[in-house]
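Survey of secondary and tertiary structure
The lines below spell out each chain.
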Amino acid sequence: GQQVMQIPQYQHVQEGEDFTTYCNSSTTLSNIQWYKQRPGGHPVFLIQLVKSGEVKKQKRLTFQFGEAKKNSSLHITATQTTDVGTYFCAGPRSGGYQKVTFGTGTKLQVIP
Amino acid sequence: NAGVTQTPKFRVLKTGQSMTLLCAQDMNHEYMYWYRQDPGMGLRLIHYSVGEGTTAKGEVPDGYNVSRLKKQNFLLGLESAAPSQTSVYFCASSYSRTSGSSGANVLTFGAGSRLTVL
């Protein structure tokens, strides 16, 4: 079955440092989404990438979708304490599948 | 507009007991999903539904049953609870956009249901 791995599993950074999490799928994805889950909360949609090689920015966050549509990354510039949480990538296999498989997640801690 | 509502929020069961988690959405979404979240395991898909009256298995369906009798509701049942089913359960829903198009498969989650099986 489809597997989606994320690295690292945990990351501690000093406030102001940059942070990157990487997402790798065992199958080609139709699209990729990123979600953020605050401690004790539920996943909240951040962004979706659909095209091969696509790059999108949201303020300090930069998202990339790989050329082969099997990997993605999220980069946060100058982290803030409000960035604390677990970041998940997710996506369905290409080919019209509706099962959305989530990555294992990266838990980000920001030290003030 | 409530979005996705899950009930109950918390529940403690004894091994062998049964229960049903209810998910209701008011966004007219076609697709609905049940995930479980365990430490270090991310979110794993239990069952999902692409429309009223239809259900399909996800990655970890054993020990669970689901029903989608109405478009807005998706029920997750545990017939005989086991300690391994202790988890946080999330329901989610999405529109049925064409896969590969913008907005396809974008999930809106409920607040979660924390289940403990003793």
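Residues numbered from 1 in each chain as written. Chains lettered and ligands numbered in written order. Predicted model: local features only at pLDDT ≥ 70, side-chain atom pairs only at ≥ 80, totals over all residues. Heavy atoms only, no water.

Focus on the overall build of chain B
Counting secondary structure elements, chain B contains 0 helices and 11 strands. Mapped in sequence order, the helices and strands of chain B form the string β-β-β-β-β-β-β-β-β-β-β. Relative to a compact globule of 118 residues, whose C-alpha radius of gyration would be 13 Å, chain B shows 14 Å and is just as compact. Referenced to the eigenvectors of the C-alpha coordinate spread, the extents of chain B come out at roughly 45 × 30 × 25 Å. Each of the 118 residues in chain B was classed as buried or not, and the buried ones make up 47%. Taking the contacts inside chain B whose residues are at least 6 apart along the sequence as the reference set, 56% of them involve residues at least 24 apart. Total accessible area on chain B is roughly 5400 Å²; 53% of this is exposed by carbon and sulfur atoms. Looking at charge distribution, chain B has the averaged site of its 11 positive side-chain charges lying 6 Å from that of its 7 negative ones. (Helix = DSSP H or I, 4+ residues; strand = E, 2+ residues; numbered from the N terminus. Rg over C-alpha atoms; globule rule 2.2 N^0.38 Å. Buried < 20%, exposed > 50% of the residue type's maximum accessible area, 1.4 Å probe, protein only. Contact = heavy atoms within 4.5 Å. Areas by Shrake-Rupley, 256 points an atom, 1.4 Å probe, with all protein chains shown as cover. Lys, Arg positive; Asp, Glu negative; His and termini not counted. Charge placed at Lys NZ, Arg CZ, Asp CG, Glu CD.)

Brief notes about the packing of aromatic side chains
In total, this model carries 13 aromatic pairs over all chains according to the counting rule given. Aromatic side chains B:Tyr35 and B:Phe109 sit 6.0 Å apart centroid to centroid with 45° between the ring planes, which places their arrangement in the tilted category. Note that B:Tyr35 is positioned in strand 4 (residues 31–38) and B:Phe109 in strand 10 (residues 108–109), a separation of 74 residues in sequence. The buried category is assigned to B:Tyr35, whose relative accessible area is 0%. By way of ring pairs, the aromatic residues A:Tyr35, A:Phe45, A:Phe88, A:Phe102, B:Tyr33, B:Tyr35, B:Tyr48, B:Phe90 and B:Phe109 are connected into one cluster. (Phe/Tyr/Trp six-rings, centres within 6.5 Å; stacked < 30°, edge-to-face > 60°.)

Description of the interface of chain B and chain A
Listed as interface residues are 26 residues of chain B and, on the opposing side, 23 residues of chain A. Interface area, chain B with chain A, both sides summed: about 1900 Å², of which 54% is carbon and sulfur. Run the count over chain B and chain A and you get 0 salt bridges. Scanning the region where chain B abuts chain A turns up 3 residue pairs in polar contact (both at pLDDT 80 or more). (Buried area = accessible area lost by both parts, 1.4 Å probe. Salt bridge = Lys/Arg side-chain N within 4 Å of Asp/Glu carboxyl O. Polar contact = N/O pair within 3.5 Å; in protein donor to acceptor, adjacent residues only side chain to side chain.)

What about the pattern of salt bridges?
Residues and elements named next belong to chain B. Following the criterion strictly, the structure yields 5 salt bridges over all chains and no others. Note that Lys71 and Glu30 form a salt bridge whose closest N and O atoms lie 3.8 Å from each other. With a gap of 41 residues between them, Lys71 in the loop between strand 7 (65–67) and strand 8 (73–78) and Glu30 in the loop between strand 3 (19–25) and strand 4 connect regions that are remote in the sequence. Here Lys71 falls in the partly exposed class, since its relative accessible area comes to 24%. The exposure class of Glu30 is partly exposed, given its relative accessible area of 23%.

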